[in-house]
Amino acid sequence: MGKIRFWMLNVYQVIYSFLSMNQVALITGASRGIGRGVALELAAVGWDLVINYANNQAAAEDTVKCSIEHAKAEGHEIRAAICQADIGQAADRERLVSFVRNQFGQLDLLVNNAGITSIGRSDLLEASEENWDALMAINLKGPFFLCQLVGSWMVEQNNLNDSWRGKIINISSISSDAVSSNRGDYCVAKAGLRMVTKLFAARLADAGINVYEICPGIITSDMTNPVKSKYDKMINEGLTPIRRWGEPGDVGKAVVALAQDYFPFTTGDVFNVDGGFTIRRI
Ligand code: NAP
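Not measured: the values here are computed from a predicted model.

S.K.: I would appreciate a short explanation of the site of the ligand in the present structure.
M.R.: As a structural note, the neighbourhood of the ligand is formed by 32 residues, with Ser 31, Asn 55, Asn 113, Tyr 186 and Ser 221 the closest of them. Ile 87 places a polar main-chain atom, nitrogen or oxygen, 3.0 Å from a nitrogen atom of the ligand. Between the ligand and the protein, one listed contact pairs an oxygen atom with a side-chain N or O atom of Ser 221 at 2.5 Å. Those elements that place two or more of their residues in the shell around the ligand are helix 2 (33-44), strand 2 (48-53) and helix 6 (184-204).

Rendered as structure tokens:
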């Protein structure tokens, strides 16, 4: 009985993917925070979604539910599925991309969003190698090899239809440039992601695939919650010309603009979503 149900589900999925005109996005770390904001904004313009997460299945399920509701409110019918995978692990990355292939048969957008903050936030002179390795696996190695896996599949998709155009968006941080001496590993990983974006942009351009970096500033999420009062004060005192916290939806809207191909002649470039943080003032 179980086998028949599985077979019927697969048939349904294949038929659906033939009938569906929706584009498909894979968002890593979309159970919470910025990734969830990206999912909701893409849902609102009718994208099918694969919601990846590491541990928090309930939050991932809630993102799926809210995305479908959000899409419906805007007059779209979308499919959204969840897939647990630790993007720091090679086998998990392969399982994640295979999941998208099997369930949706296509992938139009990868958003490399999942990330962790510096473990223990130790001073540069005390930071451990063990914590460095753990962070690099998730924040830099994972996105690099997902660009590689998805990039290869996107090249295949472009070979089948040369008017098809894929996109990859890497979520970096103002920490790729601004120094925090108690989060050296995080800063280095985000600076590295800038080069990952340029590398894959150059490599994949001939296959019609644009690769972008979105660089968020200080955004409300579980990651920044522990330092909320520090940043409340800094923002009130004028750290950013736009005196408010960024919201996950602010990043989501930028993703939509890139995903919907409003920047077709731009690749390998950075889009700041930071309330003007980078403006030098005297
Ligand atoms: P968050 O609220 O802590 O959410 C992190 C998300 O990543 C969760 O969905 C989490 O899944 C997932 N995740 C963590 N480790 C993972 C792994 N190994 N494999 C797969 N998924 C994993 O963080 P956030 O603030 O939204 O940050 C999202 C991204 O934006 C990060 O890359 C971060 O560096 C970047 N960023 C954030 C800010 C900010 O101010 N918040 C600013 C600049 C850049 P679970 O729910 O299962 O744990």
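S.K.: Explain the pattern of salt bridges here, please?
M.R.: Pairs can form between side chains of opposite charge whenever their charged atoms are close. Tallied over the entire structure, the rule returns 12 salt bridges. In this structure, the salt-bridge partner of Asp 62 is Arg 36, at a minimum N-O distance of 3.0 Å. Here Asp 62 is found in helix 3 (residues 57-73), whereas its partner Arg 36 is found in helix 2, with 26 residues between them in sequence. Of the residues examined, Asp 62 reaches a relative accessible area of 32% and is grouped as partly exposed. For Arg 36, a relative accessible area of 22% puts it in the partly exposed group. With a closest N to O distance of 2.8 Å, Arg 165 and Asp 261 form a salt bridge. Pair noted here: Arg 165 is in the loop between helix 5 (129-160) and strand 5 (167-171) and Asp 261 is in the loop between helix 8 (248-259) and strand 7 (270-273), with a separation of 96 residues, a long-range link. We classify Asp 261 as partly exposed; its relative accessible area is 27%.

S.K.: Please explain the packing of helix 5 against helix 6 as it appears in this structure.
M.R.: Angle between the axes and distance between the axes are the two parameters that describe a pair of packed helices. At their nearest, the axes of helix 5 and helix 6 sit 10 Å apart, and the two run at 10° to each other. Classed by the angle they form, the pair helix 5 and helix 6 counts as roughly parallel. In the packing of helix 5 onto helix 6, the handedness of the crossing is right-handed. In contact with Asn 131, Trp 132, Leu 135, Met 136, Asn 139, Leu 140, Pro 143, Phe 144, Cys 147, Gln 148, Gly 151 and Val 155 of helix 5, helix 6 contributes Asp 185, Tyr 186, Val 188, Ala 189, Lys 190, Gly 192, Leu 193, Val 196, Phe 200 and Leu 204.

S.K.: It is not clear to me how the pairing of strand 4 (residues 109-112) should be interpreted in this structure. Could you clarify?
M.R.: Two faces belong to every sheet, and in a regular strand the side chains alternate between them. With burial as the criterion, each face of strand 4 is covered, one bearing Leu 109 and Val 111 and the other bearing Leu 110 and Asn 112. Bridging between strand 1 (residues 24-27) and strand 4 involves 3 bridges; their strand directions are parallel. Residue Ala 25 lies in a different strand from strand 4, and its bridge partner there is Leu 109. Sheet topology note: the strand 4/strand 5 ladder contains 4 bridges and is parallel. The residue bridging Asn 112 from the neighbouring strand is Asn 170, located in strand 5. In this fold, strand 4 hands off to helix 5, which returns the chain to strand 5; that crossover is right-handed.

Analysis parameters
Residues numbered from 1 in each chain as written. Predicted model: local features only at pLDDT ≥ 70, side-chain atom pairs only at ≥ 80, totals over all residues. Heavy atoms only, no water. Near = heavy atom within 4 Å. Polar contact = N/O pair within 3.5 Å; in protein donor to acceptor, adjacent residues only side chain to side chain. Helix = DSSP H or I, 4+ residues; strand = E, 2+ residues; numbered from the N terminus. Salt bridge = Lys/Arg side-chain N within 4 Å of Asp/Glu carboxyl O. Buried < 20%, exposed > 50% of the residue type's maximum accessible area, 1.4 Å probe, protein only. Axes fitted to C-alpha atoms, helices over the stretch in contact; angles between N-to-C directions. Parallel < 35°, antiparallel > 145°, perpendicular 65-115°, else oblique. Left-handed = near helix turned anticlockwise from the far one by under 90°. Contact = heavy atoms within 4.5 Å. Pairing = 2+ DSSP bridges. Right-handed = clockwise from strand over helix to strand, strands pointing away.

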